[in-house]
Amino acid sequence: MTGEIVFVLVVVGVAVVVLASGRVPFEVTAIAVLLALFFGRAIDFEAALRGFSNSAVVTIGAVMVMSAGLANTGVAHWMGRLIGRLAGNSEARLIAFTVLAAALLSGFMNAIAAGGVLLPAAVAAARELKIPISRVLLPLSYATLLGSVLTLVGTPSNLLVNSVVAREGIEPFGLLDFTPFGAAILVAGVLALVFGRHRLLPRHASGAAGDALLPRAREDHVPYRLEERLYEVAIPPVSPLVGLTLRESGIRTDFGISIVAIQRQGGTDIAPAPEVVLHAGEVLVMSARDRDITRLRERFALPEPRPSTLGAAALQTENVEFAEASLAPRSTLVGETVPSLNFRDRYGLSVLGIWRDGAPRRTHLHDMPLRVGDALLVLGPLPRIAELRDDPDFVVVTERVGLTLRPRQAPIAVAIVAGFVAALLLQLAPVAIVALAAAAAMVVTGCVRGRETLAAVDWRAIVVIGGMLTLAEAMRQSGAAALVGESLAESLGDGGPWIVLASMLLLTAMFTHVLGNHVTAVLMAPVALSAAALVGADPRMFAMGVALAASTGFITAYAHPVNLLVMGPGNFRPRDYARAGIPIALLVLLVDFGMLALMFGAGGS
């Protein structure tokens, strides 16, 4: 073992530990790995930056833009609405059609985009059938994983494995080479989720997407229950509040009290702005705890408050609505608070509640750092909700509120995707070029506009992928990948190539739950190719196995972004993912292994 191999393996080990800890952003770790390899002279300058010019990275970015085109023109939304009509009054059909729709979309668009656009429709359909939305949202998330292996472009991990295969001089995979495997996995997943739903799927009260306005009405709906702590108090002429703005009063920041509305002669100011000046005789409608109200009364000489006569439903008008928004899986706002974001000024909306850990929080919201899985109940003008829906840091769960689509471009978006598929099948150009052309067509035709193009691309994912591809290159050049593959083959080789393949599938699936599918695919692909060569197996079979196993992130919330996306709305706990995810993951791995044996047959050894 050379010193270079030792150095590269140490970098790999440190990177795995840091990534698994979750304490350092993935993109920071990826850049640190790149710099360590360069200054450690494991790679030269050109190799250090080669990952960012890799055709897989270009293709991934272009597919993200195509995904935005399908979402913005309403194609995905139309499929979501179709789910409810086809489901009728059957839970089983609702689950089946949700899985099929999400899987089909995920075969050609980004999984987060597919899950995000179908989430509101799935919630609406579940509420229409009066079933807990947790019964639908977990299948929705799993479906984006099941469908991602339907095509080469369904998930970045497929493209990344393919780029490693091509770099080794092996025949790369075509667009539909994954389809037989993906179809078998999808059928198995649908059957398991439908017929095993009573054992696998939780029956939780609704999370953030429940009935936000009304008191507990059904066993399966637990709302934010705004009216439980909704009080009103009139401002007397002698109160120090008179003449202060809402911001200057510190009611929100110092007392943790949310001012929902201000009633005065001439009307009600719903979700008042921080700059609103308070006057004697006005009535503050607030969501507060008793002890905070006591402190507020002592500070500002206020009378005893009374339960508000202004029902939560009265807070909605023709132009002002409630909406629920989940923090996006890769949101840049994690760790921020409502005040640090200047949420009211930035979005023009008032935050009235945060759903966390299966319960609504309605007071002291300003002290709560936001975290993945949170969902926010906001109130404000419809145009501002529309702007929030366009913000990549949030996914608006409420189905129609603030929704703006461009349905006239929908046929164009479908035609562009169809042309993309046809061009790849006819091999008119490399995948990256065809994907770029399709993305450009989405922009030129108005399916994706202006800033939407940049917002559509997950730049942090691009940085992670580019940096980790550099690590894969270092493993290949130094011989570290060959050494690891050789060690694996020697320890398991007595059982034949099929035992080595099965072990490779299990290892990849395990690493996926720790490192995510992108990083796992990049690290395991060169090892798999080396192991295949040593046991005399078809390297394409082993590479395909890694790609398939990298899409088995069913068991934890953090293994797959859409698992995180549905966590708040579905009111899921970690055990819910383990309970359903372990049997689904094992089933998928069994189908993967069986299909690899069937499709490659004797050619596998």
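These notes cover the structure that comes with them. (Residues numbered from 1 in each chain as written. Predicted model: local features only at pLDDT ≥ 70, side-chain atom pairs only at ≥ 80, totals over all residues. Heavy atoms only, no water.)

### Some remarks on the overall build of the protein chain
Working step 1: Counting its regular elements, the protein chain contains 27 helices and ten strands.
Working step 2: Relative to its length of 605 residues, the protein chain is compact, with a C-alpha radius of gyration of 26 Å against a globular reference of 25 Å.
Working step 3: Expressed as lengths along the three principal axes of its C-alpha atoms, the size of the protein chain is roughly 90 × 55 × 45 Å.
Working step 4: For the protein chain, contacts bridging at least 24 residues in sequence account for 77% of all contacts bridging at least 6.
Working step 5: Summed over all atoms, the accessible surface of the protein chain reaches about 23,500 Å², with 61% contributed by carbon and sulfur.
Working step 6: Treating the 46 positive side-chain charges of the protein chain as one cloud and the 46 negative ones as another, the clouds have centres 5 Å apart. (Helix = DSSP H or I, 4+ residues; strand = E, 2+ residues; numbered from the N terminus. Rg over C-alpha atoms; globule rule 2.2 N^0.38 Å. Contact = heavy atoms within 4.5 Å. Areas by Shrake-Rupley, 256 points an atom, 1.4 Å probe, with all protein chains shown as cover. Lys, Arg positive; Asp, Glu negative; His and termini not counted. Charge placed at Lys NZ, Arg CZ, Asp CG, Glu CD.)

### Section: the sheet that holds strand S5 (residues 306-307)
Working step 1: Taken together, the five strands give an open sheet; going across it, the order is S3-S2-S4-S1-S5, and neighbouring strands pair in antiparallel fashion. Sheet topology places strand S3 (267-270) and S5 at the edges, where each strand pairs with a single neighbour.
Working step 2: As paired elements, strand S1 (residues 230-234) and strand S4 (residues 283-287) share five bridges and run antiparallel to each other. Each residue of the ladder has a partner; that of Glu232, found in S4, is Val285. (Pairing = 2+ DSSP bridges.)

### Some points on helix H1 (residues 3-21)
Since the α-helix advances by 3.6 residues per turn, residues separated by three or four positions end up pointing in the same direction.
Working step 1: Across its 19 residues, H1 extends 27 Å between first and last C-alpha, which sits within 8% of the 27 Å expected from 1.5 Å per residue.
Working step 2: Of all the residues in H1, the buried ones are Ile5, Val8, Val11, Val12, Ala15 and Leu19. Taken around the axis of H1, the buried residues stretch over an arc of 125°, which confines them to a single face. Seen from the buried face of H1, the exposed residues on the opposite side, beyond 90 degrees, are Gly3 and Val17.
Working step 3: Check the buried side of H1 and you find it contacts helix H2 (26-39), helix H20 (459-478), helix H21 (480-492), helix H22 (497-515) and helix H23 (517-535). (Expected span 1.5 Å × (residues − 1). Buried < 20%, exposed > 50% of the residue type's maximum accessible area, 1.4 Å probe, protein only. Arc of directions from axis to C-beta.)

### Describing helix H6 (residues 91-106)
Working step 1: If you check H6, its first and last C-alpha atoms are 22 Å apart, about what 16 residues at 1.5 Å a residue would give, namely 22 Å.
Working step 2: When you tally the buried positions in H6, you get twelve out of 16 residues, the bulk of the element.
Working step 3: Those residues of H6 not exposed but buried are Glu91, Ala92, Leu94, Ile95, Ala96, Thr98, Val99, Ala101, Ala102, Ala103, Leu105 and Ser106.
Working step 4: Where the residues of H6 are buried, they touch helix H5 (75-87), helix H7 (111-129), helix H8 (134-148), helix H10 (179-195) and helix H11 (197-200).
Working step 5: Where H6 begins, the capping side chain belongs to Ser90, and its oxygen is found 3.4 Å from the backbone nitrogen of Ala92. (Polar contact = N/O pair within 3.5 Å; in protein donor to acceptor, adjacent residues only side chain to side chain.)

### As for the packing of H23 against helix H24 (residues 539-549)
Each pair of packed helices can be summarised by the angle the axes make with each other and by the distance between the axes.
Working step 1: With their axes 8 Å apart at the nearest point, H23 and H24 run at an angle of 150° to one another. Our classification of the angle between H23 and H24 gives roughly antiparallel. Here the hand of the crossing between H23 and H24 comes out right-handed. Residues Ala521, Met524, Ala525, Ala528, Leu529, Ala531, Ala532 and Val535 of H23 touch H24, and the partners they reach there are Pro539, Phe542, Ala543 and Val546.
Working step 2: Taken together, the residues of the contact of H23 with H24 break down into twelve nonpolar, no polar and no charged. (Axes fitted to C-alpha atoms, helices over the stretch in contact; angles between N-to-C directions. Parallel < 35°, antiparallel > 145°, perpendicular 65-115°, else oblique. Left-handed = near helix turned anticlockwise from the far one by under 90°. Nonpolar A, V, L, I, M, F, W, Y, C, P; charged D, E, K, R; others polar.)

### Overview of the packing of aromatic side chains
Working step 1: Taken as a whole, this structure holds nine aromatic pairs when the rule is applied.
Working step 2: Summarising the aromatic geometry, the rings of Tyr142 and Phe554 are spaced 5.0 Å apart at their centres and angled 90° between planes, so their arrangement reads as edge-to-face. Of this pair, Tyr142 sits in helix H8 while Phe554 sits in the loop between H24 and helix H25 (561-565), and the two are 412 residues apart along the sequence. Here Tyr142 and Phe554 have matching classes, each one buried.
Working step 3: Pairwise contacts between aromatic rings join Phe343, Tyr347 and Phe394 into one cluster. (Phe/Tyr/Trp six-rings, centres within 6.5 Å; stacked < 30°, edge-to-face > 60°.)

### Side note on the packing of H5 against H6
Working step 1: Two numbers describe how H5 lies on H6: the axes approach to 8 Å, and their chain directions differ by 160°. Classified by the angle their axes make, H5 and H6 are roughly antiparallel. As H5 runs across H6, the sense of the crossing is right-handed. Note on element contacts: H6 touches H5 through Arg93, Leu94, Phe97, Thr98, Ala101 and Leu105, opposite Ala76, Met79, Ile83, Leu86 and Ala87.
Working step 2: When grouped by side-chain class, the residues that make up the contact of H5 with H6 number nine nonpolar, one polar and one charged.

### Focus: the nonpolar core
Working step 1: Within the largest apolar cluster, 160 residues are counted, with the highest numbers of intra-cluster contacts made by Leu37, Leu94, Leu119, Leu137, Phe420, Phe542 and Leu596.
Working step 2: Setting aside chain neighbours within four positions, we find Leu119 in contact with Leu137, Leu140, Val395, Val397, Leu565, Val566 and Pro569.
Working step 3: Judged by nonpolar contacts, the second largest core, of 20 residues, contains Leu341, Leu370, Val378 and Val396. (Core = buried A, V, L, I, M, F, W, Y, C linked by side-chain atoms within 4.5 Å.)

### Focus: the environment of Leu589
Working step 1: Here Leu589 is to be found in helix H27 (residues 574-600).
Working step 2: Under the relative-accessibility criterion, Leu589 is labelled buried at 9%.
Working step 3: The sequence separation of Leu589 and Ile185 amounts to 404 residues, and the corresponding C-alpha distance is 8.9 Å.
Working step 4: Apart from the residues lying within four places of it in its own chain, the contact partners of Leu589 are Leu505, Leu506, Ala509, Ala549 and Thr552.

### Examining the side chain of Asn158
Working step 1: Among the secondary structure elements, Asn158 is positioned in helix H9 (residues 156-167).
Working step 2: Reaching out from Asn158, the side chain makes a polar contact with the backbone oxygen of Ser148 at a distance of 3.3 Å.
Working step 3: Among residues more than four places away in sequence, those in contact with Asn158 are Ser148, Val149, Thr151, Leu152, Phe178 and Ala547.

### Side note on a nonpolar patch on the surface
Working step 1: On the surface, a cluster of nonpolar side chains totalling about 660 Å² of accessible area is made up of Ile31, Leu35, Phe38, Phe39, Phe45, Leu49 and Phe52.
Working step 2: For the nonpolar patch, the element with the most residues is H2, which contributes four residues.
Working step 3: Along the chain, Phe45 falls in helix H3 (residues 45-50). (Patch = residues over 30% accessible without salt bridge, like charges linked within 9 Å, V, L, I, M, F, W, Y side chains within 5 Å. Salt bridge = Lys/Arg side-chain N within 4 Å of Asp/Glu carboxyl O.)

### Re the pairing of S1
Working step 1: For S1, the tally of buried residues reaches four of five residues, placing the bulk of the element in the interior.
Working step 2: When S1 meets S5, the two strands line up antiparallel, connected through two bridges. Paired with Glu232 across the bridge in S5 is Arg306.

### Observations concerning the environment of Arg297
Working step 1: Of note, Arg297 is situated in helix H14 (residues 290-300).
Working step 2: When near neighbours in sequence (up to four residues on either side) are disregarded, Arg297 contacts Leu302, Pro303, Glu304 and Pro305.

### Here's the deal with the pairing of strand S9 (residues 375-381)
Working step 1: Counting buried positions over the seven residues of S9 gives six, a clear majority of the element.
Working step 2: Note: strand S6 (residues 320-327) against S9, seven bridges, orientation antiparallel. Across the sheet, the residue bridging to Val320 is Pro381, located in S9.
Working step 3: Pairing analysis gives five bridges linking strand S7 (residues 350-356) to S9, with the strands arranged antiparallel. Across the sheet, residue Ile354 finds its bridge partner in S9, namely Leu376.

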